[in-house]
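Coordinate analysis (summary)
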Amino acid sequence: MTTGFVFHERYLWHDTRSAALWMPWDGGYAQPGEHAENAETKRRFRNLLDVTELMDHLVSIKPRMATEDEILRFHTRDYHDRIKRESAENGGNGGETTPFGPGSYEIALLSAGGTIAATDAVLDRAVRNAYALVRPPGHHAEADRGRGFCLFGNVAIAAMHARAARGVGRVATVDWDVHHGNGTQKAFYDNADVLTISIHQDNNYPAYSGGLEERGEGKGEGYNINIPLPPGAGHGAYVAAFERVVLPALERFKPELIFVPSGFDGSVYDPLGRQMAHSGTYRAMTQLIMQAAQTLCDGRLVLSHEGGYSAAYVPFCGLAVMEELTGVASGVEDPFLRPIMAMTGHDLYPHQETIIAVAAELAAQVS
Ligand code: ZN
């Protein structure tokens, strides 16, 4: 059994316009330049898979465009139609900090459809697990608006597809992007059949979103778990969050399929996060989620790319994930790991442990 990989050159053609990081130029003094969410991190990630020859061990899965009906399982008709119309004209803005150029509607369909294609390949047993290197990202998008560079909720839409069209019952999502997976959370907030977990930097983006107290509502109460790690959290905190919260929650929930909205902006070099994860952290989290998937759902695991804004470092975090998914060592060392390990902050510290302990109590209530 092998690992599937979704990619399309068109993902790199989605135009996020100029900005200072993410701030559009308004005629003031923040000099416009390349938007933080640009094609380069994704292009370099894929390029590193090429030059390390890990690509030779991946099964290419061709993305397709999601259908309108698939998009509308999550998004409102008004929102979908507006994005389609603005994209056909001159581009626009999905809502909150989600600029896009002409043609981005079709690319966003291909991004959601790529995650669906990865899901189908895993469910068909054509591959054991899969990574969808898609763009634009999806986990901030809400039913009626784009947010945080995300137009359509790729993982939410793929999870809805798995349940509605493929007969999958219980689905879990484990979001390790440094920002809160608010869109995925909202998509299933009142649903007890979808367990949504997000490990993120406390109150980074969106503002005032992703607290411990957001636990789901109605039938879904208890089936949403947030682990808002304080700024500065590194390897020790991430691994502890997995071992003490994510894995126990998954074991109790017993999913039939696991998704990972996979952002690499928790890395120490990321401009939009203040965490200290490194390639070894993403490697460890991949090992742990694979073990859980193996025990609970015959290994069925789909990762879909989200954030990650260090063009130099995202590829090495991504390579570590792909090595674990495939079980193939490329033999290429992360050249940044030695200087990173010389820094302080990789242990689990008491102020982080306090947060993880509260989240662990919530995980113990999942049934
Ligand atoms: Zn992010």
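Here, every reference points to the structure presented above.
For the structure given in this document, a descriptive report is provided here. Computed from a predicted structure; not experimentally measured.

Turning to the layout of surface pockets, a few remarks are in order. Put simply, the largest pocket is a space of about 230 Å³. Among the residues making up the lining of the largest pocket, the classes are represented as 7 nonpolar, 7 polar and 2 charged.

Summed over all chains, the structure comprises 14 aromatic pairs. On the numbers, 4.9 Å between centres and 75° between planes, the contact of Phe264 with Tyr282 is edge-to-face. One end of the pair, Phe264, is in the loop between strand E13 (257-262) and helix H8 (279-297); the other, Tyr282, is in helix H8, and 18 residues separate them in sequence. For the pair formed by Phe264 and Tyr282, the shared burial category is buried. Relative to Phe336, the ring of Tyr269 lies with its centre 5.6 Å away and its plane at 65°, an arrangement referred to as edge-to-face. Of this pair, Tyr269 sits in the loop between E13 and H8 while Phe336 sits in the loop between helix H9 (314-326) and helix H10 (337-341); the two residues are 67 residues apart in sequence, bridging distant segments of the chain.

Relative to the assigned elements, Tyr11 resides in the loop between strand E1 (3-6) and strand E2 (18-19). The buried category is assigned to Tyr11, whose relative accessible area is 1%. In this structure, the C-alpha to C-alpha distance between Tyr11 and Ser267, residues 256 residues apart in sequence, is 23 Å. Excluding residues within four positions of it along the chain, Tyr11 makes contact with Val6, Pro63, Ile107, Leu110, Ser111, Gly114, Leu133, Val134 and Arg135.

Counting buried positions along strand E12 (residues 224-229) yields 6 of 6 residues, so the element is predominantly enclosed. Neither face of E12 is exposed, since Asn224, Asn226 and Pro228 on one face and Ile225, Ile227 and Leu229 on the opposite face are all buried. In the sheet, strand E11 (residues 194-201) pairs with E12 via 6 bridges, with the strands oriented parallel. Bridge assignment links His200 to a residue of E12, and that residue is Pro228.

Among soluble globular proteins, nonpolar side chains are generally buried collectively. The biggest cluster of nonpolar side chains holds 110 residues, and the ones touching the most others in it are Tyr131, Leu195, Ile227 and Phe242. When sequence neighbours within four positions are dropped, the list of residues in contact with Phe242 reads Val174, Trp176, Ile199, Leu247, Pro248, Met285, Leu288 and Ile289.

On to the sheet that holds strand E4 (residues 58-61), then. Within the open sheet, the 8 strands sit side by side as E4-E1-E8-E14-E13-E10-E11-E12. Their pairing is parallel. Edge positions in the sheet fall to E4 and E12, since each has one partner strand and no second. Put simply, the sheet's adjacent strands are angled 15° from each other on average, direction ignored.

This next bit is on the coordination of the zinc ion. Tetrahedral coordination by four donors places them ideally at 109.5 degrees to one another around the metal; octahedral coordination by six donors ideally gives 90 or 180 degrees. Asp177 (OD), Asp177 (OD), His179 (ND1) and Asp265 (OD) make up the full set of protein donors to the zinc ion, lying at 2.0 to 2.7 Å. Around the zinc ion, the 4 donor atoms sit at angles spanning 54 to 155°, and that spread fits a shape best called irregular. On the primary sequence, the residues serving as donors to the zinc ion are separated as D-x1-H-x85-D.

What the rule picks out here adds up to 22 salt bridges. With a shortest N-O distance of 2.8 Å, Arg46 and Asp50 are connected by a salt bridge. Taken together, the residues span about one helical turn, with Arg46 and Asp50 both in helix H1 (residues 40-51) at a distance of 4 residues. Looking at Arg46, the relative accessible area reads 24%, which means it is partly exposed. In this structure Asp50 comes out as partly exposed when scored by relative accessible area, which is 36%. Asp124 is paired through a salt bridge with Arg166; the nearest N and O atoms lie 2.6 Å apart. Taken as a pair, Asp124 in the loop between helix H4 (104-123) and strand E8 (129-132) and Arg166 in the loop between helix H5 (154-165) and strand E10 (171-175) lie far apart in primary sequence, 42 residues in all. Because the salt bridges share partners, they merge into one network encompassing Glu96, Glu142, Arg145, Arg147 and Lys186.

In an α-helix, one full turn covers 3.6 residues, which means residues spaced three or four apart are oriented alike. Taking 1.5 Å of rise per residue, 13 residues should cover 18 Å, and H9 covers 18 Å from first to last C-alpha, within 8% of that figure. For H9, a buried count of 13 out of 13 residues is recorded, marking the element as mostly surrounded by other parts of the structure.

Covered by surrounding structure in E8 are Asn129 and Tyr131 together with Ala130 and Ala132, the residues of both alternating faces. Here E1 pairs with E8 via 4 bridges, running parallel. Directly across from Val6, in E8, lies its bridge partner Ala132. Note: E8 against strand E14 (residues 301-305), 4 bridges, orientation parallel. Looking across to E14, one finds that Ala130 is bridged to Val302.

About the criteria used
- Residues numbered from 1 in each chain as written.
- Predicted model: local features only at pLDDT ≥ 70, side-chain atom pairs only at ≥ 80, totals over all residues.
- Heavy atoms only, no water.
- 1 Å grid on protein atoms, 1.4 Å probe; cavity = no way out; pocket = protein on both sides within 12 Å on 5 of 7 lines; lining within 4 Å.
- Points joined across faces, edges and corners; volume = space filled by probe spheres on them.
- Nonpolar A, V, L, I, M, F, W, Y, C, P; charged D, E, K, R; others polar.
- Phe/Tyr/Trp six-rings, centres within 6.5 Å; stacked < 30°, edge-to-face > 60°.
- Helix = DSSP H or I, 4+ residues; strand = E, 2+ residues; numbered from the N terminus.
- Buried < 20%, exposed > 50% of the residue type's maximum accessible area, 1.4 Å probe, protein only.
- Contact = heavy atoms within 4.5 Å.
- Pairing = 2+ DSSP bridges.
- Core = buried A, V, L, I, M, F, W, Y, C linked by side-chain atoms within 4.5 Å.
- Axes fitted to C-alpha atoms, helices over the stretch in contact; angles between N-to-C directions.
- Donors = N, O, S within 2.8 Å, 3.2 Å for Na, K, Ca; no water.
- Tetrahedral: all angles 85-135°; square planar, octahedral: opposite > 155°, others 65-115°.
- Salt bridge = Lys/Arg side-chain N within 4 Å of Asp/Glu carboxyl O.
- Expected span 1.5 Å × (residues − 1).

Structural measurements only, silent on function.
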